[in-house]
Amino acid sequence: MLQKREKVLLLRTFQGRTLRIVREHYLRPCVPCHSPLCPQRAACSHDGKLLSSDVTHYVIPDWKVVQDYLEILEFPELKGIIFMQTACQAVQHQRGRRSIYNAAVWYYHHCQDRMPIVMVTEDEEAIQQYGSETEGVFVISFKNYLDNFWPDLKAARELCDSILQSRRERENESQESHGKEYPEHLPLEVLEAGIKSGRYIQGILNVNKHRAQIEAFVRLQGASSKDSDLVSDILIHGMKARNRSIHGDVVVVELLPKNEWKGRTAALCENDSDDKASGESPSEPMPTGRVVGILQKNWRDYVVTFPSKEEVQSQGKNAQKILVTPWDYRIPKIRISTQQAEALQDFRVVVRIDSWESTSVYPNGHFVRVLGRIRDLEGEIATILVENSISVVPFSEAQMGEMPVNTPENPWKVSPEEEQERKDLRKSHLVFSIDPKGCEDVDDTLSVRTLHNGNVELGVHIADVTHFVAPNSYIDIEARTRATTYYLADRRYDMLPSILSADLCSLLGGVDRYAVSIMWELDKTSYEIKKVWYGRTIIRSAYKLFYEAAQELLDGNFSIVDDIPEFRDLDEQSRQAKLEELVWAIGKLTDIARHVRAKRDGCGALELEGVEVRVQLDEKKNIHDLIPKQPLEVHETVAECMILANHWVAKKIWESFPHQALLRQHPPPHQEFFSELRECAKAKGFFIDTRSNKTLADSLDNANDPNDPIVNRLLRSMATQAMSNALYFSTGSCAEEEFHHYGLALDKYTHFTSPIRRYSDIVVHRLLMAAISKEKKMEIKGNLFSNKDLEELCRHINNRNRAAQHSQKQSIELFQCMYFKDKDPDTEERCISDGVIYSVRTNGVLVFIPRFGIKGAAYLKNKDGLVISCGPDSRSEWKPGSLQRFQNKITSTTTDGESVTFHLFDHVTVRIFIQASRCHSDTIRLEIISNKPYKIPNTELFHQSSALLKSELVKEVTKSVEEAQLAQKVKVNIIQEEYQEYCQTKGRSLYALLEEIKDLALLDVSNNYGI
């Protein structure tokens, strides 16, 4: 029986009044202690998750220790730590110490006084009061705990000293009467009232990484975006106007008078070093404002670099206070206190920001940990992960304990119960998969057959992940936190353990698997959908085909059969019969897909130049190849079948749960974002009609230059850039007219077909199963997310998807830079390439290199003020002169009268070189060496696909890194045992603890805080 308690909360309203609210609490009589010493082990529900049995004591931190020393509590050496929910909630309230002490005493007695309990706190009064109150329960400071219990854990003690030093300096700063560097932020109630009245505007600060010191923008958010007359972002010009807000913060902005508005700068620039010296005239003035307050600080871990010896000396005599430079250009320098500056100057280091007072030019922070050496491959990869807040630890024992077993001694089998409940397709359907070569995580399979009535049945069969991943199980919570599988250039980090992702949930050929299927009955001639069936099935995939093989069979080239393992051991007669059956199926699928695609095309479906890269993995789950979308019709065939399945599942779950279904929307883009696309197309004589997705699709199809196919590719890329990102959302949060997917031209869409690597698909599978149960008037198993919870989950998944995209892009750029870095740009053939100008700026152009898929800036005016000149032989050189920019071209004129003009879509010869940076990532730079196209001398090299070049690039960089390590006799085990098993590196994830409970409590301003 639960005990009912009432708790009185006094809450502040927006108007500043105090509101009395009574909240009911129900106390559980039996709380699982997760201790192996529990006297009631049978009744204690610990689900296999126990505290370590090899500890001498348990540690219970209070809220202040959790808040200030979380990084130290993350150390793997510190075991037996018990986090009270009271402490986690109290991090927000900054109260609750007595409750935590009472819990510590209860824990000690619950374990029958057999395990000493150490409560750590920073409250001297609590130490005096509780220190000797209960025998076996010790109350000491955190520093005292580390000094006495962990004297050999040097890293933890150094980190503790760093945090304490940072806190002391913060306290000293607040006491000293410094002059104000920034205006004070307005009180919360003033900000909220101002937003409500329309005087202030709320939004997210987005710093321009190319002009981080002077240019930031605030994108309108929430009520501000609906109520405001503004149609563009608000420019925040300069650090003073930014008023201590950091990229990603939710800020409140006051608009400046129109006569103080400024414009964006249209010049190319090499980040901050050129900001003040560029002297370029800005574009048209736009709404400009200043930050008057911060509603939410989105601070995170930041990777920084310590200054070199020379820079430390130039910072002054007080060497303990060091200005470190973040890897991310958008983050200001951070001041930390350390005596290790010299020792750490060759390393990438993680720091956290503690405060940014109005009296300080820079924020104050503290050192957390070392990642690795600058420019070392593993160190740079770790940097990318931290910068994208990707923290993927190996799956825990408790999580792996929930996994099914499939070993030679104990092979997994279909259970008799599931055979009774599922539709068995193993003997009735020819099921097969078409995926990239070497793909392990086969999410989807297809089937097609002729029915007795002459109609055609199309089937899409998706791995039944939710059968193995129960709602709110340990593995489910972990998958939800990760939200997606992260693919980097040379590795991947799985959302689910490999026993699922590469085995039991991978629809491999010749083995029984559970699936969730959709099967449509189609008219035999028109392929109109007559019926649809959803449900759980058992399948056995007959073939695991790769794209190229399927395409060869479709084209009638049957010699590829030798490369398909399932045909190798067959006699000639069986082989011929099965081949005819498979070829018919692929042909019929392709025919159906053409009809489905034509229907979507009629509604305005877009074919855009995407950034998605297919990932091919080797036997150790490392990426073997990055394969851009090839012009194979089977790609379109598979894609259309998946889009059809996603669309029909979206309709089904929305009909059953109109206010709590997870769908995917792609809003139409703002017309002003298409202006550059329209102008560029105009330069080539094309007209791009952007009034609807249908007119845009037709215009792009017609914008083909028969002499230069790159033009259409670039125009589609620009169209992609103008688009908003597709996002997950809860149907209870949007009006139905906002559900539309602009790019696919569908009224409703979701993601259902990749549950191995996307958590959104797991949610959708559960919704579909609940919809089927509801339709059959059966009990719905498991609780579905409410609209509010689903909306929060969608925000999290959208955020993790952005992180996955950014980390993949950054890792590819890292390998590209490492590949070109050791090559002499003056002599190495591969450093010279053909490029296409796709954008014009006031001091240069942006160039696309088709051969490597690289985009970069090429300056026409150098730092010495000289401009580019091209002589009779078309070779370039630098001379005194000036630049004149027009709408679609730029002209360089020297003082002696020579001139050269570069037009949009001109082909030029460029030299690729690397601009090295000690504090940031290296970047690829381009130099125009001729205004004529590049004629490659090595024709064999020219015909290599970009896929091969990217694969070669990854292999060559990895090989050179390994050779360098051997040469230096550094014994580095790159692929650790955990990485081989789970394809992931070690990370930190304790911060997730606070993230999970941040919304559990309201702001309590009463004096009666307790359990």
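Note that this is a predicted model, so its numbers are computed, not measured. The numbers attached to residues start from 1 for each chain and follow its sequence in the written order. Selection of residues for local features in this predicted model requires a pLDDT of at least 70, selection of side-chain atom pairs for listing and counting requires 80 or more, and totals for whole chains, interfaces and linings are taken over all residues. Calculated side-chain values reflect all of the structure's heavy atoms, with hydrogen atoms and water omitted.

### A closer look at the overall build of the chain
Test applied: Counting from the N terminus, the helices are DSSP H or I runs at least four residues long and the strands are E runs at least two residues long. Residues are treated as being in contact if the distance between any of their heavy atoms lies within 4.5 Å.
Helix and strand content of the chain: 28 helices and 39 strands. In the chain, of all internal contacts separated by at least 6 residues, the share reaching a separation of at least 24 is 68%.

### Here's the deal with the sheet that holds strand β3 (residues 58-61)
Within a sheet, each strand pairs with its neighbour through backbone hydrogen bonds, oriented either parallel or antiparallel. Heads up, the condition is: At least two DSSP bridges between two strands are needed for those strands to be called paired. For every element, the axis is a line fit to its C-alpha atoms; helices are fit only across the contacting stretch, and the angle between N-to-C directions ranges from 0 to 180 degrees.
Overall, parallel pairing links the three strands, which are arranged β3-β4-β5 in an open sheet. Here the strands that pair on one side only, and so sit at the sheet edges, are β3 and β5 (137-140). Neighbour to neighbour, the strand axes of the sheet diverge by 25° on average, direction disregarded. Pairing between strand β4 (residues 117-120) and β5: four bridges, direction parallel. Residue pairing for β5: V118 is matched across the bridge by F138.

### Points about the confidence of the model for the chain
The condition that has to hold: The predictor attaches a confidence to each residue, and that confidence, scored 0 to 100, is pLDDT.
Of all residues in the chain, 81% attain a pLDDT of 70 or more, and the chain-wide mean is 81. Note that residues 223-227 has pLDDT below 50 and, in this model, four contacts with residues that lie over four places away or in other chains.

### Description of the pattern of salt bridges
Threshold: Any Lys or Arg side-chain nitrogen located within 4 Å of an Asp or Glu carboxyl oxygen qualifies as a salt bridge. With a 1.4 Å probe rolled over the protein chains alone, any residue whose accessible area is under 20% of its type maximum counts as buried; one over 50% counts as exposed, and the rest are partly exposed.
Evaluated as defined, the whole model comprises 50 salt bridges. Between E775 and K652 there is a salt bridge, with the nearest N and O atoms lying 2.6 Å from each other. Of this pair, E775 sits in helix α23 (residues 759-775) while K652 sits in helix α19 (residues 633-656), and the two are 123 residues apart along the sequence. In this structure E775 comes out as exposed when scored by relative accessible area, which is 54%. Where salt bridges share partners, they join E419, D424, R426, D512 and R540 into one cluster.

### A look at unusual backbone geometry
Positive phi is not limited to glycine here, since Y527 has a value of about 60°. As for its position among the elements, Y527 is in the loop between β24 (512-522) and β25 (529-540). By relative accessible area, which is 9% here, Y527 ends up buried. The backbone of F905 shows a phi angle near 70°, a positive value even though the residue is not glycine. Positionally, F905 belongs in the loop between β37 (899-903) and β38 (907-915).

### Observations regarding the packing of helix α15 (residues 474-482) against helix α24 (residues 787-821)
We count it as follows: Between 65 and 115 degrees an angle is taken as roughly perpendicular, under 35 as roughly parallel, over 145 as roughly antiparallel, and anywhere else as oblique.
Packing of α15 against α24 leaves a shortest axis separation of 8 Å and a crossing angle of 60°. Classified by the angle between their axes, α15 and α24 sit oblique to one another. Each of R480, T481 and R482 in α15 lies in contact with α24, whose residues at this interface are L793, H796 and R800.

### A closer look at the environment of S52
Inspection of the secondary structure puts S52 in the loop between β2 (18-27) and β3. Taking the relative accessible area as the measure of exposure, S52 reaches 22% and is therefore partly exposed. Considered as a pair, S52 and K79 are 27 residues apart in the sequence and their alpha carbons are 6.7 Å apart. Those residues within four positions of S52 in sequence are excluded, and the remaining contacts are Y58 and K79.

### Observations concerning the nonpolar core
Put simply, the test is: Throughout, nonpolar core names a set of buried Ala, Val, Leu, Ile, Met, Phe, Trp, Tyr and Cys residues whose side chains join them through atoms within 4.5 Å.
Within the largest apolar cluster, 95 residues are counted, with the highest numbers of intra-cluster contacts made by F432, W520, L545, F752 and L768. When neighbours within four sequence positions are excluded, L545 is seen to be in contact with F432, S433, I434, D435, A550, I564, L582 and I586. Listed in part, the 54 residues of the second largest apolar core include A703, L714, Y838 and A857.

### Some points on the environment of S692
Checked against the element boundaries, S692 lands in the loop between α20 (675-683) and α21 (693-702). Here S692 falls in the partly exposed class, since its relative accessible area comes to 26%. Sequence separation between S692 and Y742 is 50 residues; the distance between their C-alpha atoms is 8.8 Å.

### Notes on helix α22 (residues 710-722)
The condition that has to hold: Here, expected helix span is obtained from the residue count minus one, scaled by 1.5 Å.
Taking 1.5 Å of rise per residue, the 13 residues of α22 would be expected to cover 18 Å, and the 18 Å separating its terminal C-alpha atoms lies within 8% of that figure. Restricting attention to buried positions, one finds in α22 the residues I710, V711, N712, L714, L715, R716, S717, M718, A719 and A722. Looking at the buried positions of α22, the neighbouring elements they touch are α20, α21, β31 (832-840), β32 (844-849) and β33 (854-859).

### Re the sheet that holds strand β15 (residues 334-337)
Strand order around the closed barrel formed by five strands is β13-β14-β15-β17-β16, with mixed pairing between neighbours. For this sheet the average axis-to-axis angle between neighbouring strands, irrespective of direction, equals 55°. Sheet analysis places strand β13 (residues 302-305) next to strand β14 (residues 321-326), joined by two bridges and oriented antiparallel. Across the sheet, the residue bridging to V304 is P326, located in β14. Helix α12 (residues 377-387) contacts β13, β16 (347-355) and β17 (364-373) of the sheet and is inclined by roughly 140° relative to β17.

### Some thoughts on the packing of aromatic side chains
What counts here: Aromatic pairing here means that ring centres of Phe, Tyr or Trp (its six-membered ring) are within 6.5 Å. Orientation follows from the plane angle: under 30 degrees is stacked, over 60 is edge-to-face, and everything else is tilted. By the criterion adopted, a ring carries a charge over it if an Arg CZ or a Lys NZ lies within 6 Å of its centre and within 35 degrees of its normal.
Tallied over the entire structure, the rule returns 15 aromatic pairs. Taking the centre distance of 5.1 Å and the plane angle of 80° together, the rings of W412 and Y514 count as edge-to-face. Of the two residues, W412 is situated in the loop between α13 (397-401) and α14 (416-421) and Y514 in strand β24; the sequence distance between them amounts to 102 residues. The residues W412 and Y514 share a single accessibility class, namely buried. A cation over a ring is seen here: K240 above Y182, with NZ or CZ 5.2 Å from the ring centre. One Lys or Arg, R664, reaches over the ring of Y728 and ends 4.5 Å from the middle of that ring.

### Considerations on the pairing of strand β21 (residues 456-463)
By the criterion of burial, β21 is predominantly enclosed, with eight of the eight residues buried. Pairing geometry for strand β20 (residues 444-450) and β21, over seven bridges, is antiparallel. Following the sheet pairing, L446 is matched in β21 by V460. Here β20 hands over to β21 after five residues, with G454 in that stretch at a positive phi of 90°. Bridge count between β21 and β24: eight bridges; the pairing is antiparallel. By the bridge assignment, V460 is partnered in β24 with I518.

### Observations regarding the layout of surface pockets
Rules: Think of a 1 Å grid over the protein atoms and nothing else: a 1.4 Å probe that fits but is trapped marks a cavity, an open set flanked by protein within 12 Å on at least five of seven lines marks a pocket, and residues with an atom within 4 Å of a point count as lining. Grid points are joined across faces, edges and corners, and a volume is the space filled by probe spheres set on the points. We call Asp, Glu, Lys and Arg charged. Ala, Val, Leu, Ile, Met, Phe, Trp, Tyr, Cys and Pro are nonpolar, and the rest, Gly among them, are polar.
A volume near 1,000 Å³ is recorded for the second largest pocket. Lining the second largest pocket are 37 residues, and of these R536, M769, A770, S773 and K781 sit closest to its centre. Mapped onto the lining of the second largest pocket, the elements with two or more residues apiece are α14, α15, β25 and α23. Broken down by element, the lining of the second largest pocket gets its largest block of residues, eight residues, from α23. Among the residues making up the lining of the second largest pocket, the classes are represented as 15 nonpolar, ten polar and twelve charged.

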